[in-house]
Each structure stands twice: as structure tokens, then as C-alpha cells.
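Read off the chains here:
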Amino acid sequence: MAFGIGETIIAIFVIAFLYSLKVWKNFAKNPFCDDSVRSPNPVVIDQSKRDKVLKVGFKVEKIPTDPDAIIIGSGMGGLMCGACLSRAGKKVLVLEQHDRAGGSTHTYEEKGFEFDVDGTSKAFKMKAGEGEYEQNLINQFPKEEKAITEFVKLINQSSDSVVGYALMKMLPIWLLNFLMKTGLYNLLYSRYDKMTKTSAKQILDELTDNEELKGVLGYAFGDYGTFPSDAPFLMHGILMKHFYNGAYYPRGGSSELAFNMIPGIVRSGGAVLVRAPVSKIIFENGRATGVCVSKNGIDHEIKSQIVVSTAGVFNTYQNLIPKDILVKYGVENICDKFDRGLACFQTLVGLKGTTEELGLKRCNYWMYGDVNGEKAMREYLSMPREDAANADLPIAFVSFPSAKDSTWKMRHPGKSVCVIVTLLNWEWFEEWENERVMKRGNVYNDLKKSFQDQVWKKVLEIYPQLEDKVEYIDSGTPLSHKYYLGSPKGDIYGIDHTMKRFQTELGIGLRPETEIPGLYLSGQDTFTCGIMGAATSGIVTSGAILGRNHFLDLYGLMARRKIIQFLKKLK
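Calculation rules
Residues numbered from 1 in each chain as written. Predicted model: local features only at pLDDT ≥ 70, side-chain atom pairs only at ≥ 80, totals over all residues. Heavy atoms only, no water. Helix = DSSP H or I, 4+ residues; strand = E, 2+ residues; numbered from the N terminus. Rg over C-alpha atoms; globule rule 2.2 N^0.38 Å. Buried < 20%, exposed > 50% of the residue type's maximum accessible area, 1.4 Å probe, protein only. Areas by Shrake-Rupley, 256 points an atom, 1.4 Å probe, with all protein chains shown as cover. Lys, Arg positive; Asp, Glu negative; His and termini not counted. Charge placed at Lys NZ, Arg CZ, Asp CG, Glu CD. Patch = residues over 30% accessible without salt bridge, like charges linked within 9 Å, V, L, I, M, F, W, Y side chains within 5 Å. Salt bridge = Lys/Arg side-chain N within 4 Å of Asp/Glu carboxyl O. Pairing = 2+ DSSP bridges. Axes fitted to C-alpha atoms, helices over the stretch in contact; angles between N-to-C directions. Core = buried A, V, L, I, M, F, W, Y, C linked by side-chain atoms within 4.5 Å. Contact = heavy atoms within 4.5 Å. Phe/Tyr/Trp six-rings, centres within 6.5 Å; stacked < 30°, edge-to-face > 60°. Lys NZ or Arg CZ within 6 Å of the ring centre and 35° of its normal.

Draft legend 1. Region of interest: the overall build of the protein. Each helix and strand in the protein was counted, giving 24 helices and 15 strands. Over its C-alpha trace the protein gives a radius of gyration of 24 Å, about what one expects of a compact globule, namely 25 Å for 571 residues. Projecting the C-alpha coordinates of the protein onto the three principal axes gives extents of approximately 65 × 65 × 60 Å. Taken over 571 residues, the protein has a buried fraction of 54%. Within the structure as shown, the protein displays about 27000 Å² of accessible surface, and the carbon and sulfur contribution to it stands at 53%. Computed over 70 positive and 66 negative side-chain charges, the inter-centroid distance for the protein is 7 Å.

Draft legend 2. Highlighting a nonpolar patch on the surface. A surface patch of nonpolar side chains, about 420 Å² in accessible area, is lined by I563, F566, L567 and L570. Tracing the backbone through its elements, the reader meets I563 in helix 24 (residues 550–570).

Draft legend 3. View of the sheet that holds strand 6 (residues 278–284). Across the sheet, three strands lie side by side as 6-7-8; this open sheet has antiparallel pairing. Every other strand in the sheet has two partners, leaving strand 6 and strand 8 (298–303) as the edge strands with one partner each. The average undirected angle you get between the axes of adjacent strands in this sheet is 30°. Bridge count between strand 7 (residues 287–295) and strand 8: six bridges; the pairing is antiparallel. The residue bridging V291 from the neighbouring strand is I302, located in strand 8.

Draft legend 4. Up close: the nonpolar core. Y380, F400 and F451 are the most contacted members of the largest nonpolar core, which has 96 residues in total. Top contributing element to this core by residue count: helix 5 (residues 145–170), with 12 residues. For Y380, the residues in contact, after removing those within four places along its chain, are A388, A391, D392, L393, P394, L423, L424, W428 and F451. If you look at the next biggest cluster of nonpolar residues, it comprises 34 residues, including I72, L326, C335 and L521.

Draft legend 5. Expanded view of the packing of aromatic side chains. Tallying each qualifying case throughout the model produces 18 aromatic pairs. Here the aromatic rings of Y380 and W428 are separated by 5.7 Å at their centres, their planes lie at 85°, and the arrangement is edge-to-face. Of the two residues, Y380 sits in helix 16 (residues 373–381) while W428 sits in the loop between strand 13 (415–424) and helix 20 (441–460), which places them 48 residues apart along the sequence. Residue Y380 is classed as buried on the basis of its relative accessible area of 2%. Note on W428: relative accessible area 6%, which makes it buried. Linked through ring pairs, F345, Y380, W428, F429, W432, Y444 and F451 together constitute an aromatic cluster. If you follow K328 out to its NZ or CZ, it ends over the ring of Y329, 5.7 Å from the centre. Here R440 stacks its cationic end above the ring of Y444, 5.2 Å away from the centre of that ring.

Draft legend 6. A look at the pattern of salt bridges. As enumerated under the stated definition, the model contains 22 salt bridges in all. Between D392 and K457 there is a salt bridge; the shortest N-O distance is 2.9 Å. Placement of D392 in the loop between helix 17 (385–389) and strand 12 (395–399) and of K457 in helix 20 is noted, with a sequence separation of 65 residues between them. Given a relative accessible area of 43%, K457 falls into the partly exposed group. Between E433 and K482 there is a salt bridge, with its nearest N and O atoms 2.3 Å apart. Remark: K482 occurs in helix 21 (residues 478–485) and E433 occurs in the loop between strand 13 and helix 20; sequence separation between them is 49 residues. Relative accessible area serves as the criterion here: at 26%, E433 is assigned to the partly exposed category.

Draft legend 7. Quick look at the environment of W432. Relative to the elements of secondary structure, W432 occurs in the loop between strand 13 and helix 20. Judged by relative accessible area, W432 falls into the buried class, the value being 6%. Spatially, the C-alpha atoms of W432 and P142 are 51 Å apart, while their sequence positions differ by 290 residues.

Written out as C-alpha cells, the structure reads:
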């Protein structure tokens, strides 16, 4: 069906009018107000005070009466959704299976060290900021200015194109179907189609023949856990744009996010309860009406007309919903449409000495054993388990949270920490899946130790001075990721960020509303991975439940504040 210019303009105005019916509620009271934007408070150091917020254990008497919504999982997707609903006056109950709230933003202490769960080498430095980013790369690759300039142009286009993906989550299904069938969607977001059907590797191959530059421009694929030949350039581009102006680290550590979000949920009569494993979602007449928490052999049914699962698509559809409900709504095979992401291995190291004494830097490292990171990683993952455990790591992410946090010296004087993450196969560890934590035996422990030694060896390539500074070291295998964060196969980023995930059918399918009445989804599976992806999904899910567009709410708040500031200047 072809549209002329005049018809297209008319159609766009019709769409705008129809969509305005959905956002009309935004003219009602904005749930976000001036006290949503606060000056930073002093970091609370007293751990007992923090535990009163982050470690409120599940007890029947702590369950709010008649909650408006129940959210499964207290990661960023769950807490952000709960915080937004609470702003609108809803009573929200958040249930977390782990012993502390926060999901991947939680921290823990061991042997006096606090950890976030978030040879010679040729080094390439990245700088942040408009102009500086590209000029820094041009200085290192003076013959590749054209390729670098074009790359920056493309990541900017990716950032603009991601609106097309976001609208798949927010526009009504009937409106999306209309846009797709008439071709207007592709007309309005023509770049989105190219960005999602062209791989990151293909774009890099088109830009340059310089293998080192390809490695530098494509280095961050580990941040979304998908090989460049499988990932759409959209995913790679928005990540690189995200880092274009630099990165941020929460003052006081990543647990500050949950620590400062939970009180808002409590103020509205809600609660965030930990050690509360949800065993199933309850249904009545085909509608989600609550959840069952299995605790100490006793099932506790908690009712609510709204249930939000942030447990991920695989967990939700394979473990929490009865088969007859899946069949009733035609979603019994929904998980077959998606690929699982790679599993991860994390090593946490406690060091004796301050940032200055140890010569640490306030930056992140992606370390590669080969300029072609994808090729090296694929070869590594194809190895037998024992061979891989004793081989040099092809990829490792290295970070020093203690060097980034301005409050660290006050909280942990004379100490520093290092966090290293790499990607591994779930299959290398799955034989111990049903064994108890800390009781998996010597074979498992030796295997973990072998991988850990290779990880630390990688770090010592750039920081040899740390070799005799280790006071504590331990690692988490994919089984740890499953146990503490509920990842079914130890996957770090949930559904794999392949090109097919971003195509129209699956893009629309991964949205807050499900086919099942009363059941909503939130978290990284519904948008993209990472704190910002999960937080965005929480905002969108809350908006879907309330029938509002929270982005309009937030823009309204910002506009109001600017007007007030302008009027104050006039006085």
C-alpha cells in the first residue's frame, strides 16, 4: 500500500490524534513532582541502618493489605516500576528471592571488603566528550579519520533510531499494527530497519580494513554479551553512544540505587521483602491474581490484580505459569523464539592498599588476547572444559570500584577492590546444578580455581604490582549467577541481543503487557540489558499499568522546573 506525501501527512496527524487518546491521562496529576529531584544526601555508612532497608525479610505480618501490584524481583526493572507506581499512590509489594534487595546492583562485604556484583599489552585509550572521542581515536589511527568520523555518525543515528524500538513497547498494539501494515512505521523510522538488520561486524567491515581499529570500535560487545556478527548495529551503536560522553558510578556504591528507591515504595504503604522466593503465579478465570511464596515448606498466597514479573522471559513462562494458562493464551512456545545469552564468570579481589598506593586508575578495561575478539572467544568456547580452564583468557573486563567511589576512603580506609568479568559456557558447570552451594565437591572447586587463576593472571599483565597485595579472592561461576540472581543458565544479560530480537515481531512481543490479563513484564528482557535498559523498562511498565506515558511526565517536570528557575531570575 503506497502513500503520497499528502496522504502521509494526513495519516500522521490521524495517528497523533489517536495516540493522544492514550496519553490524555497525562494531563491529570503528574505523579512526579519537585521532591522527585533532590540534592544528594550524605551516604549512610552504618550497615545496620542500610540492612533495615535492603534486608527486610519475608514475614506474613509484613505483607501489605490488598497490594495494588505485586512485583517479582527487586532488580532495577522491578524497583523502578515499583517506585513509579508508588509515586502515583499505588501500594506495591516487591518480592525478592535473594537475601538482599537490588538485583545486580546489590553489594556485599566479605573479609572487610565491599564488592559490587556489577605479558605486555598494546593499549588503546578511549576519551569521552564530543570531539574529544573521535579526535583521540584519530590520533591513534591517523590514516582512519574517515572511518572514525563515519562510525561516530552511525552511533548517533543508532541513538536516534532506538526511539523506533521504544515505541514498540509503548504504542498500543492496534496502532502498531496499523503503522506496520501501511508502511508508515518504516517511513517514520527508516533507519531503524537498517540498524537492526545489519550486524555490528558488517558495519565495521564496511568502514575499514584495519583489524586493530575494528577491534577498538567493536571492543564493547562484551557489555551486551553477543558476538558482533550476531548483534545488530543498533545495539552496539546505542551502547557506544551511551559511553560517548563518559560513564558514571554511584557515590557510595551500586547498592545506593536500591537503598534510595525502596523508601519511596514503603512511604506509599508498600514493602520490599527479601528471602521471598515466588514459586508460581496464581490465576483465577484465566487472569493473574497473585503469587505464591514458598517459605520453609509453607505456601503463602498473596493476592493482587496486577502481577509484574522481572524474573525474565524464560523463568516467567517456563517456571511460574501453569501449562494450561500458556496453552489458553497461545504462548506455550514463546521461549522457543528467543536465544539464551552467554554465561559469565566473576572474580572479586580484595587488595591491601589505597588507590594511590597501588597505582590504580579510575577507568574500565576490556582486555583482549587477540585483536579479533570474536574469533578468539568462539575458539575458546569450543574448547573442552579442562582445556579452557588452563588456557589464556581471550576476553576480560577489569574494573576497580574503589577507585571510582568518592566515599570509598571514608568507608574502607587502606583497602581497594578489583572486579573481573568474563564470558563462559554454562555447559562447563551444569553437572553441579543441583548440588548445594559450598557443597559441590573438590572437582568443582578445582575447576573454579583454575579459571580464577587465569582471570587474575590477565589482570597482572597490566597491574603486576598487585601480585603480593591480595588479601581476599573468590569467584562466582554461572551457577552462582543462577543461585543469587535467578538466571536460568547463568546468563548475564538474559535473552541474547541478536538481530532477530530487535525485529518487528519479537520487538513488539517483548513489551510490558502480556497476552495474559493482569500479568506484566519488566526488566532487561523487555528492553535491553544493563542498569539503564532495565530502569527504562520499569518506567515503561509502570506507564502501561497506569495508562500514562511517564516520559511525558518527566519532561513535564523538567519543563516546570525550568520555568520556575526562569521566573526566579526575572525577580
